[in-house]
Amino acid sequence: MATYVMLAFKVDRRECAKTPAMAVDDLAQLRHTAAHLLAHAVVDIFGDDVKLAIGPAIENGFYYAFLKTPAFVPEDLPRIEARMKELIGEDLAMSGEPISRDAAEKHYRDRDQPFKLDILAGIPDGEPLSMYTIGAFTDLCRGGHVNSSKDVGAVKLMSIAGAYWRGDEHNPMLQRIYGTAFPEQAQLDEYLHRLEEAEKRDHRKIGRELDLFSIEEQAGPGLVFWHPNGGRIRSVIEDFVRKQLRDRGYEPVYSPHVVHEDVFLTSGHLQSFGESMFGPIDVEEQRYRLKPMNCPGHILIYKSKPRSYRDLPLLLAEFGTVYRYERSGTLHGLLRVRGLTQDDAHLFCTPDQLQGEYENTVDAALTMLRAFAFDDFRLFVSTRPTNALGDPQVWERAEAAIRNACDHAGLAYEIDEGGGAFYGPKLDIMVRDAIGREWQLSTVQVDFNLPGRFDLTYRGADGEDHQPVMIHRALLGSMERFFGVLIEHFAGAFPVWLAPVQAAVVPIGEAQFDYAEEIGARLRAADLRVAVDRSNERLQKKIAMHQAGKVPYMLVVGKSELASGEVNVRERGGSQRAMKPDEFVANVTAEIAART
Ligand SMILES: [Zn+2]
Ligand SMILES: [Zn+2]
């Protein structure tokens, strides 16, 4: 039972896939070769006194680690990069030769390169050694390069960071120079542009600027405090989801955050997932646990009375808050946290109903994601692994149900053959955000395991007891992570239906304060989220402030608006026009209804 990965455990990972333009291995070889060129350039500029360590390809680029006195400063990077570009232009061939351990050690002793000698000492005896040369620079290396410096294409040095040799604080502090490389300049430019966009959109930065949420050091890492602005958005999302669920026959349920440990023993979570669980908490000599998943609670509700086939499908939904221990080093803003609320649901149905329920669920997922302006999806179906539990025919039927549901939705899907969990096949939905990054959001997971572990049954039309099929599904994933993705997707400029303040009424002077309040009341009566700006700032400053707050509409009222009974509507990033308050309310209400 090595891989007991339950639904949505993966959902809360930061999974921002890249779209490699070439095979991953080829790109890694190109980037590792760029690391050689980096060392070449450093030696050319700063001489042989620089101590060399290692230069691997890494995700999104490469680095080379050096020890240099005085240390590198950021101003060095353009010079080094310029030298690398010269080397690339010279079309230098990369060539390798085997070398004996003695010769390699002598080579590096003669040159006083302690880290290279340390690397050599760490390579087991008998393992073949090789030296690679490109241009005037020779380096101990196992190989895996492109043929020529020219093949490195386009290169950019990004940053310098300190790192202890071998990650050990007793060792010297080296400096890593990080860079990236692509076959074509256009690909590099696109990557840099995307990086810049991603930085501007960082949800932690925008979260502070718009006062959406915080993570309070005193309370512990990975635990999210939703501020009023974030709370408004979350409650709009929750209302929207609840309406969807009601329309589709789901029943709302609530389950305790803390339950007896035995529940997780029965579910198997304690055995396979125990290290990620908070607790135990001892009460009256009994052991309790904070729930890491909502499934056992929903199962207990199912099991609370005898069920007949007439009760099925039973669709139980909960914004279920769960707690999972994640190492502090892996936490990241809202994207990876220790306390999260899933838009969770568990579907209990007969085998015959599986197909219809899957279609309904996929349809619900796409409807919801589209409402949040995601329209580029990739679907992954994970099928039966070798260690699968249960009848292969039942699996096949479930897999066919998933594929049919994708077809029904009119979407192509990719198959991860044998990549399913041992307890059932699943569907993952990835979305592409506004700057082309991919996020895994929805998961719809069939489960042939838990109904058996909890001995769930229903009385069939034949009068016999049968085991129901269970589906776990979270469509947004978790509220925290989904919010993080949304903030970055919209760069904080939420569409009007989600915006914490939909309209700011801005009187030019005190003489219009009363009129502004009247307008505010009129808008609130139409269920709009409104702020009336009674500050004594100058108009330009007020406008700048609401612009920074990314408020979709500003309603400026001055002398002439007061006289004509109108408001001057300034659309975020767009036009302005005078209109009657009622016209504005009608327009915005229609916009919200259309969820654009
Ligand atoms: Zn190499
Ligand atoms: Zn579940």
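Note that the structure is predicted; figures quoted are calculated from it, not measured.

A. The packing of helix 7 (residues 228-247) against helix 11 (residues 354-371), seen in detail. One can describe the packing of helix 7 onto helix 11 by two numbers: an axis separation of 11 Å at closest approach and a directional angle of 150°. As far as their axial angle goes, helix 11 and helix 7 are roughly antiparallel. When the axes of helix 7 and helix 11 are compared, the crossing they make is right-handed. Counted together, Phe240, Val241 and Gln244 of helix 7 and Thr367, Met368 and Ala371 of helix 11 form the full contact between these two elements. Of the residues that constitute the contact of helix 7 with helix 11, the class distribution is four nonpolar, two polar and no charged.

B. Main features of the coordination of the zinc ion (ligand 1). Of the protein atoms, only His32 (NE2), His36 (NE2), Cys141 (SG) and His145 (NE2) coordinate the zinc ion (ligand 1), at distances of 1.9 to 2.1 Å. Counting gaps between the donor residues of the zinc ion (ligand 1) yields the pattern H-x3-H-x104-C-x3-H. Within this pair, whereas histidine 36 is found in helix 1 (residues 24-46), its partner histidine 145 is found in the loop between strand 6 (137-140) and strand 7 (154-164), the two being separated by 109 residues in sequence. Summarising the burial analysis for this pair, histidine 36 and histidine 145 share the class buried.

C. Structural context of the domain arrangement of the protein. Taken domain by domain, the protein comprises domain 1 (24-182), domain 2 (223-490) and domain 3 (503-594). Put simply, the middle of domain 2 and the middle of domain 3, counted by C-alpha atoms, are 42 Å apart.

D. Highlighting the confidence of the model for the protein. Averaged over every residue, the pLDDT of the protein is 93; residues scoring 70 or more account for 96%. Note that residues 1-21 has pLDDT below 50 and, in this model, 76 contacts with residues that lie over four places away or in other chains.

E. Structural view of the coordination of the zinc ion (ligand 2). Donor atoms from the polypeptide that bind the zinc ion (ligand 2) are Cys295 (SG), His346 (NE2) and His472 (ND1), placed at 2.0 to 2.4 Å. Of note, the zinc ion (ligand 2) draws all its donor residues from one chain, in the sequence arrangement C-x50-H-x125-H. Here cysteine 295, found in helix 10 (residues 295-303), pairs with histidine 472, found in strand 23 (residues 469-478); they are 177 residues apart in sequence, far enough to count as distant.

F. Quick peek at the sheet that holds strand 12 (residues 258-260). The strand order across the open sheet formed by three strands is 12-14-13, and the pairing between neighbours is antiparallel. Each edge of the open sheet is held by one strand with a lone partner, namely strand 12 and strand 13 (281-283). With direction set aside, neighbouring strand axes in the sheet form an average angle of 40°. Where strand 13 meets strand 14 (residues 286-290), three bridges bridge the pair, whose relative direction is antiparallel.

G. Molecular detail of the pattern of salt bridges. All chains considered together, the criterion is met by 37 salt bridges. As a salt-bridge pair, glutamate 90 and arginine 83 come within 3.8 Å of each other at their nearest N and O atoms. Salt bridges here are not isolated pairs; linked through shared partners, they connect Arg234, Glu238, Asp239, Arg242 and Glu480.

H. Expanded view of the sheet that holds strand 24 (residues 503-507). Spatially, the five strands line up as an open sheet ordered 25-24-26-27-28, and their pairing is mixed. Bordering the open sheet on either side are strand 25 (530-532) and strand 28 (576-579), each of which pairs with just one other strand. Going from strand to strand, the sheet's axes swing by 25° on average, the running direction of each strand aside. Looking at chain direction, strand 24 and strand 25 are connected through three bridges and run parallel. Across the sheet, the residue bridging to alanine 503 is valine 530, located in strand 25. Packing against the sheet, helix 18 (residues 581-594) makes contact with strand 24, strand 26 (553-557), strand 27 (567-571) and strand 28, and its axis sits at approximately 120° to strand 28.

I. Layout of helix 5 (residues 185-200). The first and last C-alpha atoms of helix 5 sit 23 Å apart over 16 residues, in line with the 22 Å expected at 1.5 Å per residue. Of all the residues in helix 5, the buried ones are Leu188, Tyr191, Glu197 and Ala198.

J. Just the packing of aromatic side chains, in detail. Applying the stated criterion across every chain, the model contains 18 aromatic pairs. Where phenylalanine 46 meets phenylalanine 72, the ring centres are 5.4 Å apart and the plane angle is 85°; that geometry is what we call edge-to-face. Taken together, the residues phenylalanine 46 in helix 1 and phenylalanine 72 in the loop between strand 3 (61-67) and helix 2 (76-89) connect sequence positions 26 residues apart. Using a relative accessible area of 22% as the deciding quantity, one classes phenylalanine 46 as partly exposed. For phenylalanine 72, a relative accessible area of 4% gives the class buried.

K. Local environment of helix 7. Spanning 20 residues, helix 7 covers 28 Å between terminal C-alpha atoms, matching the ideal 28 Å at 1.5 Å per step. Buried residues of helix 7: Gly230, Ile233, Arg234, Val236, Ile237, Glu238, Phe240, Val241, Gln244 and Leu245, and no others. Where helix 7 is buried, its residues contact strand 10 (224-226), strand 15 (314-323), strand 16 (339-349), helix 11, strand 23 and helix 14 (479-490). Positive phi appears at glycine 249, one or two residues downstream of helix 7, with a value of about 85°.

L. Structural detail: unusual backbone geometry. With an omega dihedral of 5°, the bond running from glycine 279 to proline 280 counts as a cis peptide bond. Between leucine 312 and proline 313 the backbone carries a cis peptide bond, its omega angle lying at 0°. For proline 313, the location among the structural elements is in the loop between helix 10 and strand 15. Backbone geometry at asparagine 60 places phi at a positive 70°, although glycine is not the residue there. Following the sequence through the fold, asparagine 60 ends up in the loop between strand 2 (57-58) and strand 3. A residue is classified by how much of its surface remains accessible, and asparagine 60, at 32% relative accessible area, is partly exposed. One non-glycine residue, alanine 373, adopts positive backbone phi at about 65°. Considering the arrangement of structural elements, one finds alanine 373 in the loop between helix 11 and strand 17 (377-382). Among the residues examined, alanine 373 registers a relative accessible area of 41% and is labelled partly exposed.

M. Looking closely at the nonpolar core. Among the nonpolar cores identified, the biggest contains 68 residues, and Ile237, Phe372, Phe374, Leu427, Phe494 and Leu498 are the most heavily contacted of them. At nine residues, helix 11 tops the list of elements feeding residues into this core. If near-sequence neighbours (up to four positions away) are discounted, leucine 427 is found in contact with Tyr358, Val362, Leu379, Phe380, Val381, Ile402, Cys406, Ser442, Thr443 and Val444. Ala35, Leu38, Phe66 and Ile88 belong to the second largest nonpolar core, which has 32 residues in total.

Quick notes on the rules
- Residues numbered from 1 in each chain as written.
- Chains lettered and ligands numbered in written order.
- Predicted model: local features only at pLDDT ≥ 70, side-chain atom pairs only at ≥ 80, totals over all residues.
- Heavy atoms only, no water.
- Axes fitted to C-alpha atoms, helices over the stretch in contact; angles between N-to-C directions.
- Helix = DSSP H or I, 4+ residues; strand = E, 2+ residues; numbered from the N terminus.
- Parallel < 35°, antiparallel > 145°, perpendicular 65-115°, else oblique.
- Left-handed = near helix turned anticlockwise from the far one by under 90°.
- Contact = heavy atoms within 4.5 Å.
- Nonpolar A, V, L, I, M, F, W, Y, C, P; charged D, E, K, R; others polar.
- Donors = N, O, S within 2.8 Å, 3.2 Å for Na, K, Ca; no water.
- Buried < 20%, exposed > 50% of the residue type's maximum accessible area, 1.4 Å probe, protein only.
- Domains from an automatic or database assignment.
- pLDDT = per-residue confidence, 0-100.
- Pairing = 2+ DSSP bridges.
- Salt bridge = Lys/Arg side-chain N within 4 Å of Asp/Glu carboxyl O.
- Expected span 1.5 Å × (residues − 1).
- Phe/Tyr/Trp six-rings, centres within 6.5 Å; stacked < 30°, edge-to-face > 60°.
- Core = buried A, V, L, I, M, F, W, Y, C linked by side-chain atoms within 4.5 Å.

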